[in-house]
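Letter by letter, the chains look like this.
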Amino acid sequence: MLAVLSPGQGSQKPGFLTPWLALPGAEARLRWWSALAGVDLVHLGTEADAEEIKDTARTQPLLVAAALLAAEHLPMHDVALVAGHSVGELGAAALAGVLPAEAAVTLAGIRGREMAAACALEPTGMAAVLGGDPDEVLAAIAAHGLHPANRNGSGQVVAAGAVAGLEKLAAEPPARARITRLQVAGAFHTPYMAPAEAALASVAAGITPSDPARILLSNLDGSAVNHGREMVQRLVRQVTAPVRWDLCMRTLADLGVTGVVELPPAGTLAGLVKRELKGEGLPEIVTLKTPDDLPAAQDLIARHSGLSGHEPVIQFRVVVAPAAGTFAPLAELAEGVDLHAGQVIGHIATRQGPVEVTAHGSGLLTEWLAHHDDPVAPGQPLARIGGQH
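Thresholds, definitions, all that
- Residues numbered from 1 in each chain as written.
- Predicted model: local features only at pLDDT ≥ 70, side-chain atom pairs only at ≥ 80, totals over all residues.
- Heavy atoms only, no water.
- UniProt positions renumbered as here; feature names shortened; annotations may be inferred.
- Helix = DSSP H or I, 4+ residues; strand = E, 2+ residues; numbered from the N terminus.
- Rg over C-alpha atoms; globule rule 2.2 N^0.38 Å.
- Buried < 20%, exposed > 50% of the residue type's maximum accessible area, 1.4 Å probe, protein only.
- Contact = heavy atoms within 4.5 Å.
- Areas by Shrake-Rupley, 256 points an atom, 1.4 Å probe, with all protein chains shown as cover.
- Lys, Arg positive; Asp, Glu negative; His and termini not counted.
- Charge placed at Lys NZ, Arg CZ, Asp CG, Glu CD.
- Polar contact = N/O pair within 3.5 Å; in protein donor to acceptor, adjacent residues only side chain to side chain.
- 1 Å grid on protein atoms, 1.4 Å probe; cavity = no way out; pocket = protein on both sides within 12 Å on 5 of 7 lines; lining within 4 Å.
- Points joined across faces, edges and corners; volume = space filled by probe spheres on them.
- Domains from an automatic or database assignment.
- Pairing = 2+ DSSP bridges.
- Axes fitted to C-alpha atoms, helices over the stretch in contact; angles between N-to-C directions.
- Buried area = accessible area lost by both parts, 1.4 Å probe.
- Salt bridge = Lys/Arg side-chain N within 4 Å of Asp/Glu carboxyl O.
- Nonpolar A, V, L, I, M, F, W, Y, C, P; charged D, E, K, R; others polar.

The name given to the chain in an unreviewed UniProt entry is [acyl-carrier-protein] S-malonyltransferase, and the organism recorded there is Micromonospora eburnea. Taken from UniProt, the Catalytic activity (unreviewed entry) comment for the chain reads in full: "holo-[ACP] + malonyl-CoA = malonyl-[ACP] + CoA".

This next bit is on the overall build of the chain. Counting secondary structure elements, the chain contains 12 helices and 17 strands. A compact globule built from 389 residues would reach a C-alpha radius of gyration of about 21 Å, and the chain, at 21 Å, matches this within 12%. With the C-alpha coordinates of the chain rotated into their principal frame, the extents come out at 60 × 50 × 45 Å. The 389 residues of the chain split such that 52% are buried. Restricting the contact set of the chain to residue pairs at least 6 apart, pairs at least 24 apart contribute 72%. Of the roughly 15,900 Å² that the chain leaves accessible, carbon and sulfur atoms contribute 54%. For the chain, the centre of its 26 positive side-chain charges and the centre of its 39 negative side-chain charges are spaced 5 Å apart.

Mapping His304 onto the fold places it in helix α12 (residues 294-304). A distance of 2.9 Å separates polar atoms of two side chains, one belonging to His304 and the other to Glu284. Setting aside its immediate chain neighbours within four residues, His304 contacts Met1, Leu2, Thr258, Gly259 and Glu284.

What you tend to see is this: most non-glycine residues have negative phi, and most peptide bonds are trans. Note that the residue after Pro264, namely Pro265, is joined by a cis bond; omega there is -5°. Counting through the fold element by element, Pro265 comes out in the loop between β8 (259-262) and α11 (268-276).

In this model, the second largest pocket occupies a volume close to 670 Å³. Residue lining of the second largest pocket: 31 residues in total, with Gln9, Gly10, Asn150, Leu182 and Val184 positioned closest to the centre. Counting only elements with at least two residues in the lining of the second largest pocket, the list comes to α5 (101-119), β3 (124-131), β4 (147-153), β5 (156-162) and α11. Counting contributing residues per domain, the lining of the second largest pocket is built from domain 1 (2-116 + 190-306) and domain 2 (120-182), each supplying no fewer than three.

What follows concerns the sheet that holds strand β16 (residues 374-376). In space, the four strands of this open sheet follow the order β14-β13-β11-β16, with antiparallel pairing throughout. Because the sheet does not close on itself, it has two edges, and the strands there are β14 (353-358) and β16. Shown here is a sheet whose adjacent strand axes are inclined to one another by a mean of 35°, direction ignored.

A word on the domain arrangement of the chain. By domain assignment, the chain separates into domain 1 (2-116 + 190-306), domain 2 (120-182) and domain 3 (316-386). The straight-line distance from the C-alpha centre of domain 1 to that of domain 2 is 25 Å. Across the boundary between the two partners, domain 1 contributes 15 residues, which contact 16 residues of domain 2. Interface area for domain 1 against domain 2, summed over the two sides, is near 1,200 Å², with a carbon-plus-sulfur share of 52%. Remark: the boundary between domain 1 and domain 2 carries zero salt bridges. Between the two partners, domain 1 and domain 2, sit eight residue pairs in polar contact (both at pLDDT 80 or more). A class-by-class count of the residues in the side of domain 1 that touches domain 2 yields nine nonpolar, two polar and four charged.

Written as C-alpha cells, this is what we have:
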C-alpha cells in the first residue's frame, strides 16, 4: 500500500519552490492560488527569506499550495492513502477529493491569518520535549498548565501554552528529557486558538465537501474518515485540538503501508516515519523536494500501489473502519443487497462505546472484507460496495 503525506508548518525553507516554477503552468497556478489565499505565493516560495516565510499567515497557504502543486505531477489515482500534518491536512483533504484545491488553499489562507491574529492576543509559545518517560512528560506538561499540542511519536511531544509555563517547564524538565523552545508565534493546537477556530468554522460552513475517494487519515485520532462533512468538521476542530501524528503513523503500520511519498517541502514527516517505523516495518520512502525527484516518486507509486499501470482501475467503493475495535456487521445484510448512502452496515465495539459504520455511497454490497468479531484497525477495509465509474 502506498501513502502520500503532506507536511506542516516548520518544514518550509527559503526558495524551496523555485525549481517547481520551471514546470509548465506552475507559475500561473500559483498566481491564481495567491489571489485566493491573499498572499503572494510565488514570492514566498522563491524570493522570501526565512523570517518572512515563518509568518503563520504566509506559511500555511504556502505549504498547502506547494503540496498540491507537486501532487499534480503524480499518478494520484494509484495512491491508496493520504494524510497531512497540521495544516498539511488541508492538502491531504484536497488530494482525497474532499475539497477542491481552490477551497483548500483559501481555507489555508484564512486559517493562517486567524491563527496569527489569535497568537497576538497574549504571549504564548511552544517547546519540544524530547525523550523522557511518556507518562512523566505528559504529567509535567499538565502540571505547568500547558497542553500537549503535537505528539509526533519516538519520544517527541510539543508542549504549548503561556510563556511563563514554558519557562517553568524548561527550568524543571522531566527526567531524561530535553526542552527546546520553538520559534513560533504562539500556542497552536490549544484552546488559545479558539478565536481562529470560530473564524474558520464560519467560512467552512459554506463548503459542500465530497466523500474521500481514498483512505484519508485524521490528526485527531489517526482514524480514517469516510465522510466529507465529518472531515471538514475535524479540520476546523484541529485548530485547537492536539495533532496526534503518532496515531497516524500507527495506522500506517496497521494497514501495512509499504511505500511513502512526502510532498514538498519534504523531509520532516519522512524523518518521523523512519524513527517510528524502523526495522522490518519501515516503508520505502521518497522525499519529493524538487522536480528531479518526480521519477523516483512515480516509480515508487507504480511499484507499491498494487495496481498495474497508471490508469485508474478501481472498481469498487471501499468502506473502511473509522476506529479500532471489534467489528460486527449487521446480520441482515448479506452480500448482494442494495445499500443507500448513509446506511448503517455495522458497528465497531471500542473502549469508548460502539461506533457506527456507514456506507458513503449507494450500490451493491459486493463483498464483506471483515467479519463478525474480527479485530480491526482504523482505516482497515471492511466492505466493498457496488461497481464504481
